[in-house]
Amino acid sequence: MVVIGILLAYLAGWVLEWRWLAVLGCVPPSLMLLLMCFMPETPRFLLTQHRRQEAMAALQFLWGSEQGWEEPPIGAEQGFHLALLWQPGIYKPFVIGVSLMAFQQLSGVNAIMFYAETIFEEAKFKDSSLASIIVGVIQVLFTAVAALIMDRAGRRLLLALSGMVMVFSMSAFGAYFKLTQGIPGNSSHVALLAPISTEPVDASVGLAWLAVGSMCLFIAGFAVGWGPIPWLLMSEIFPLHVKGVATGVCVLANWLMAFLVTKEFSSLMEILRPYGAFWLASAFCIISVLFTLFCVPETKGKTLEQITAHFEGR
């Protein structure tokens, strides 16, 4: 649903000028504000507030029945406090959750997304503004594939395969910049969003297809694993009584890394050259694969109690 929303935003941006796009952007949050007025609080939260009758009403609204749902025992919903971080069942999923979010952004996905239209221009596409739509379609298709096979293949396998595809494609993307650095008219020595020379240079155009292929392969690989799975694992590995705080910390880590990568990537391209910056992202992808293989547990088909017992060494 997230990537479908992104694709719809790309399509709207293709046909609307930015002012009308901004107006259209007001519609979804307005609907959300209206509809949330009719949404109950979650039953577990209401129980922590000792509002059992409201909790049962919320359960009836959400599930249509109270059957199959057990009320948590007294004390199970204790709040978070720092002393809990000494417990393996708390700090291990904390470290894994934050690391997954950091690696997701350090993979360079935002750099690829920002560079998409530039690459399509270098490949001499007639309408380079279609680049974002093509990227969005790839995201939707391969995220759908991930949704269909995730419970069969498992989280760790998809993360590892996704990471290896990202290593290969990001390395090839860096190779493109390395091969084109001496060709006149290419953009490999300029800032990320700098304008491109319109001079026809056959060698540069040919190599630009290497960049287009690498970019599409990277987006496909990211969408199969490192796009959706860190968010899924974040919802699976934390005990209930720390889930709220832990989830907030992981989301904070994700957006902090997104901010840093977005802010500093152009500087990295100047310091390391473009090929060096993308090869650095490839190195982070390698580390993310190793982290997955050695540190991330498989959660497919496991209950929260089994996952917590794994972290506690039981």
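What you see is a predicted model; the values in this text were computed from it and never measured.

What counts and how
- Residues numbered from 1 in each chain as written.
- Predicted model: local features only at pLDDT ≥ 70, side-chain atom pairs only at ≥ 80, totals over all residues.
- Heavy atoms only, no water.
- Axes fitted to C-alpha atoms, helices over the stretch in contact; angles between N-to-C directions.
- Helix = DSSP H or I, 4+ residues; strand = E, 2+ residues; numbered from the N terminus.
- Parallel < 35°, antiparallel > 145°, perpendicular 65-115°, else oblique.
- Left-handed = near helix turned anticlockwise from the far one by under 90°.
- Nonpolar A, V, L, I, M, F, W, Y, C, P; charged D, E, K, R; others polar.
- Buried < 20%, exposed > 50% of the residue type's maximum accessible area, 1.4 Å probe, protein only.
- Polar contact = N/O pair within 3.5 Å; in protein donor to acceptor, adjacent residues only side chain to side chain.
- Contact = heavy atoms within 4.5 Å.
- UniProt positions renumbered as here; feature names shortened; annotations may be inferred.
- Arc of directions from axis to C-beta.
- Salt bridge = Lys/Arg side-chain N within 4 Å of Asp/Glu carboxyl O.
- Phe/Tyr/Trp six-rings, centres within 6.5 Å; stacked < 30°, edge-to-face > 60°.

**Q** Would you mind going over the packing of helix H9 (residues 155-180) against helix H12 (residues 243-295) in detail, with residue names and values included?
**A** Direction vectors running N to C along H9 and H12 enclose 165 degrees, while the axes themselves pass 8 Å from each other. Of the possible angle classes, the one that applies to H9 and H12 is roughly antiparallel. Here H9 and H12 pass one another in a crossing that is left-handed. In terms of residue class, the contact of H9 with H12 is built from 19 nonpolar, five polar and two charged.

**Q** Any chance you could break down the side chain of Gln105 for me, citing the residues and the numbers?
**A** Relative to the elements of secondary structure, Gln105 occurs in helix H6 (residues 88-106). For Gln105, a relative accessible area of 7% corresponds to the buried category. A distance of 3.2 Å separates polar atoms of two side chains, one belonging to Gln105 and the other to Asn254. With residues near it in sequence (within four places) discarded, Gln105 still touches Asn110, Asn254, Met257, Ala258 and Val261.

**Q** Explain unusual backbone geometry residue by residue, including any values.
**A** You will see that His50, though not glycine, has its phi angle at about 60 degrees, which is positive. Of note, His50 is situated in the loop between helix H4 (43-48) and helix H5 (52-63). Backbone geometry places Arg273, a non-glycine residue, at a positive phi of 70 degrees. By the element assignment, Arg273 lies in helix H12.

**Q** So what's going on with the UniProt feature "transmembrane region" (unreviewed entry) in the chain? Which residues, and what values?
**A** Under the UniProt annotation, the feature "transmembrane region" (unreviewed entry) is placed at residues 20-39, 94-116, 128-150, 157-177, 207-233, 245-262 and 274-296. The distance from the first to the last C-alpha atom of residues 94-116 is 33 Å, and the span holds 91% helix and 0% strand.

**Q** Give a description of helix H11 (residues 229-236) that names residues and reports values.
**A** If you check which residues of H11 are buried, you get Ile229, Pro230, Leu233, Met234 and Glu236. Along H11, the residues classed as buried sweep out an arc of 165 degrees about the axis, all on the same side.

**Q** Just give me the short version of the pattern of salt bridges, but keep the residues and values in it.
**A** Under the definition given, this model contains five salt bridges. Note that Glu17 and Arg19 form a salt bridge whose closest N and O atoms lie 3.8 Å from each other. Close ionic contact of Lys263 with Glu264 constitutes a salt bridge, the shortest N to O distance being 2.9 Å.

**Q** Which residues make up the packing of aromatic side chains, and what values go with them?
**A** The tally for this structure, following the rule as stated, stands at ten aromatic pairs. With a centroid separation of 5.3 Å and 5 degrees between ring planes, the pair formed by Phe177 and Phe278 is classed as stacked. With Phe177 in helix H9 and Phe278 in helix H12, this pair connects stretches of sequence that are 101 residues apart. Across the pair, exposure class does not vary: Phe177 and Phe278 are buried alike. For the pair Phe218 and Phe222, a centre-to-centre distance of 6.3 Å together with 15 degrees between the ring planes defines the contact as stacked. Pair noted here: Phe218 and Phe222 are both in helix H10 (residues 202-224), with a separation of four residues, about one helical turn. Members of the aromatic cluster, each reached through a chain of ring pairs, are Phe173, Tyr176, Phe177, Phe265 and Phe278.

**Q** Summarise the side chain of Ser282; cite the residues concerned and give the values.
**A** Note that Ser282 resides in helix H12. Side-chain polar atoms of Ser282 contact the side chain of Ser171, separated by 2.8 Å. Those residues in contact with Ser282 that lie beyond four places of it in its chain are Val167, Met170 and Ser171.

**Q** Explain the environment of Ser169 to me, and be specific about the residues and the numbers.
**A** Positionally, Ser169 belongs in helix H9. Using a relative accessible area of 1% as the deciding quantity, one classes Ser169 as buried. Along the primary structure Ser169 and Ser214 are separated by 45 residues, whereas in three dimensions their C-alpha atoms are 4.8 Å apart. When residues no more than four places from it in sequence are discounted, the contact partners of Ser169 are Ser214, Leu217 and Phe218. Within the local environment of Ser169, its side chain forms a polar contact with the backbone oxygen of Val165, the two atoms lying 2.9 Å apart.

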